[in-house]
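# Commentary on secondary and tertiary structure
The residues making up each chain are set out below.
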Amino acid sequence: MKIAFIGLGAMGFPMARHLSKQHELIVWNRTREKGECHAREHGTTVAGDLAACAAAEIIITMLPTSREVDDIVNKLIGDLRRGTLWIDATSGDPNVSRQTAVRLATRGVPFVDAPVTGATVGAENATLTIMVGGAPEDFARAQPILQICGKKIIHVGPVGAGHAIKVLTNSIMGATVWITSECLLLAKRFGIDMKTALEVTNAGSGRSNASENLLPMRLLEGKWPLVFKLLHHDKDIRIAASIAHEQHASTPMLALTQHLFTASLNQLGDGADYIEVAKVIARMNDATWE
Ligand code: NDP
């Protein structure tokens, strides 16, 4: 099958690699060199221009936000073929995706939102969990494609439902990273060795993905790799907060998490990794993790 993959970032690059093993892949990236690198390393074809992607049977977007997806839709919509399926793997905004789906439907192009979870390691190893919003028949078409990049592909509801659950689950993660870091800093201040504090946390009811997998490398080894931009995590939590607003829901913890992440982003800048919020917590306490 001919698949166009748009957006070869930290997630898109390895996802497109897996797809290229089973399908004919045409890739497009804003910075063309990344597309050329992908073609060289994985035998894909770099689109001569964005319009060349319109000829594909499946179009996959993996971009920062729904804004960039919308921009690409605007540029391609006039050239799309009836029956092409658009899969948006971006962690996007459910409201925007609903509008996008309506616009694409006028061209006979079905749309599913299919954001992913599992981090860059999941993208590298094709072990992502992918949550899909869309009509059942469109999910049925998307599923075998997504299966190549992921381990668990779940149909969660109509268009927008994938984006909604994605930002909600990322908000749970954000709040967990924050509270775990706060309490570990407090343990350190109390004089408890960090390795011991983590060992106890991970053997008890406070354990989480944050305490087991995300924080040990940073807090024990002082390694702070960039794997998921705080900029993107803040965007996800903001979308979750906007869902709460729309639903007239009372979600004080979510609101607080959003403010803490936005404040951290303002301090650390667009280039920071999301776990670096732990550095902000240290600064708030005139402390360091060393
Ligand atoms: P990156 O920042 O690594 O990559 C972003 C991609 O989008 C790049 O290919 C970039 O092109 C392209 N892009 C940026 N702006 C534009 C634009 N205006 N027009 C066209 N293309 C553009 O992001 P990730 O791969 O980390 O994330 C992608 C999505 O996946 C996000 O929605 C994120 O929230 C989500 N996600 C990320 C995870 C992670 O661990 N990283 C985990 C799960 C989901 P260029 O190369 O030119 O900059």
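Above: the structure in question.
Residues numbered from 1 in each chain as written. Predicted model: local features only at pLDDT ≥ 70, side-chain atom pairs only at ≥ 80, totals over all residues. Heavy atoms only, no water.

## Describing the packing of helix α7 (residues 161-189) against helix α11 (residues 252-268)
Any two packed helices are characterised by how steeply their axes cross, that is the angle between the axes, and by the distance between the axes. As a reminder of what qualifies: Axis angles are defined between N-to-C directions and span 0 to 180 degrees, where every axis is a line fitted to C-alpha atoms and, for a helix, only to the segment in contact. The helix count covers DSSP runs of H or I at least four residues long, the strand count covers runs of E at least two residues long, and both are numbered beginning at the N terminus. Note on terminology: angles under 35 degrees are roughly parallel, angles over 145 are roughly antiparallel, angles of 65 to 115 are roughly perpendicular, and the others are oblique. Residue contacts follow a heavy-atom distance rule, with two residues in contact if any of their heavy atoms lie within 4.5 Å.
At a minimum axis separation of 10 Å, α7 and α11 run at an interaxial angle of 70°. Looking at the two axes, α7 sits roughly perpendicular to α11. Contact residues: α7 offers Ser171, Gly174, Ala175 and Trp178, while α11 offers Leu254, Thr257, Leu260, Phe261 and Ser264.

## Quick word on helix α1 (residues 12-20)
One full turn of an α-helix is made of 3.6 residues, so residues set three or four places apart face in the same direction. Stated precisely, the cut-off is as follows: Here the term buried applies to any residue with accessible area under 20% of the maximum for its type, exposed to any over 50%, and partly exposed to those in between, with areas from a 1.4 Å probe on protein chains only.
Counting buried positions along α1 gives nine out of nine residues, so the element sits mostly inside the fold. What α1 keeps buried is the set Gly12, Phe13, Pro14, Met15, Ala16, Arg17, His18, Leu19 and Ser20.

## Quick word on unusual backbone geometry
At Ala119, a residue that is not glycine, the phi angle is positive and equals roughly 65°. Relative to the helices and strands, Ala119 is located in helix α5 (residues 119-125). Given the relative accessible area of 40%, Ala119 is considered partly exposed. Positive phi is not limited to glycine here, since His248 has a value of about 55°. Positionally, His248 belongs in the loop between α10 (230-246) and α11. In this structure His248 comes out as exposed when scored by relative accessible area, which is 76%.

## A word on the site of the ligand
Stated precisely, the cut-off is as follows: Nearness here has a simple test: a residue counts as near a molecule or strand if at least one of its heavy atoms is within 4 Å of that partner. N or O atoms closer than or at 3.5 Å make up a polar contact, with two conditions inside protein: a donor-capable atom paired with an acceptor-capable one, and, for residues adjacent in sequence, both atoms drawn from side chains. Shrake-Rupley sampling with a 1.4 Å probe provides the accessible areas, and residues are treated as covered by the protein chains on show and by no other component. A pocket here means an open set of points on a 1 Å grid, computed over the protein atoms alone, that has protein on both sides within 12 Å along at least five of seven lines. A cavity is instead a set of points where a 1.4 Å probe fits but cannot get out; residues with an atom within 4 Å of a point line either one. Placement in a cavity or pocket follows one criterion, namely that more than half of the molecule's atoms lie within 2 Å of its grid points. Basically, the charged four are Asp, Glu, Lys and Arg, the nonpolar ten are Ala, Val, Leu, Ile, Met, Phe, Trp, Tyr, Cys and Pro, and anything else, Gly included, counts as polar.
What surrounds the ligand is a group of 24 residues, the closest being Asn29, Thr31, Lys34, Pro64 and Lys229. Within the side chain of Thr31, a nitrogen or oxygen atom sits 2.4 Å from an oxygen atom of the ligand. Between Val227 and the ligand, the recorded distance is 2.9 Å, taken from a backbone N or O atom to a nitrogen atom. Contact with the protein chains removes 88% of the 900 Å² of surface that the ligand exposes when unbound. When atoms are counted within 2 Å of each cavity's grid points, the one that captures over half of the ligand is the largest pocket. Among the elements of the structure, α5 and α10 are those that each provide at least two residues to the shell around the ligand. Across the shell around the ligand, the residue classes break down as 10 nonpolar, eight polar and six charged.

## Topic: the packing of aromatic side chains
For any two aromatic rings, the description comes down to two numbers: the centre-to-centre distance and the angle of the planes. For the record, the criterion: Stacked, edge-to-face and tilted labels apply to pairs of Phe, Tyr and Trp rings (six-membered ring for Trp) whose centres lie within 6.5 Å, assigned for plane angles under 30 degrees, over 60, and everything in between, in that order. Note on geometry: a ring has a charge over it if NZ (lysine) or CZ (arginine) is within 6 Å of the ring centre and within 35 degrees of the ring normal.
Considering all chains together, one arrives at two aromatic pairs under this definition. Ring geometry for Trp178 against Phe261: centres 6.1 Å apart, planes inclined by 55°, an arrangement best described as tilted. Taken together, the residues span a long stretch of sequence, with Trp178 in helix α7 and Phe261 in helix α11 at a distance of 83 residues. The same class applies to Trp178 and to Phe261, which are both buried. Summarising the aromatic geometry, the rings of Phe228 and Tyr274 are spaced 5.1 Å apart at their centres and angled 65° between planes, so their arrangement reads as edge-to-face. Note that Phe228 is positioned in the loop between α9 (209-221) and α10 and Tyr274 in the loop between α11 and α12 (277-284), a separation of 46 residues in sequence. On the basis of relative accessibility, which here comes to 5%, the residue Tyr274 falls in the buried class. It is Lys279 that lies over the ring of Trp224; its NZ or CZ is 4.9 Å from the centre.

## Comments concerning the environment of Trp224
With respect to the secondary-structure elements, Trp224 resides in the loop between α9 and α10. Discounting residues that sit within four places of it in the chain, Trp224 has contacts with Arg218, Leu219, Ile275, Glu276, Ala278, Lys279 and Trp289.

## Description of the pattern of salt bridges
This is how the line gets drawn: Salt bridge, as applied in this entry: a Lys or Arg side-chain nitrogen positioned within 4 Å of an Asp or Glu carboxyl oxygen.
Enumeration over the complete set of coordinates arrives at 10 salt bridges. For Asp234, the salt bridge goes to Arg238, with nearest N and O atoms at 3.0 Å. Highlighted residues: Asp234 and Arg238, both in helix α10, separated by four residues, approximately one helical turn. On the basis of relative accessibility, which here comes to 5%, the residue Asp234 falls in the buried class.

## Observations regarding the packing of helix α3 (residues 66-76) against helix α4 (residues 94-105)
The geometry of α3 relative to α4 is characterised by a closest axis approach of 10 Å and an angle of 10° between their N-to-C directions. One way to sum up the angle between α3 and α4 is to call them roughly parallel. Residues Ser66, Asp70, Val73 and Asn74 of α3 form the contact with α4, whose participating residues are Val96, Thr100, Arg103 and Leu104. Broken down by class, the residue content of the contact of α3 with α4 amounts to three nonpolar, three polar and two charged.

## Structural notes on the side chain of Arg17
Looking at where Arg17 falls in the secondary structure, it is placed in helix α1. Under the relative-accessibility criterion, Arg17 is labelled buried at 18%. For Arg17, the residues in contact, after removing those within four places along its chain, are His38, His42 and Glu124.

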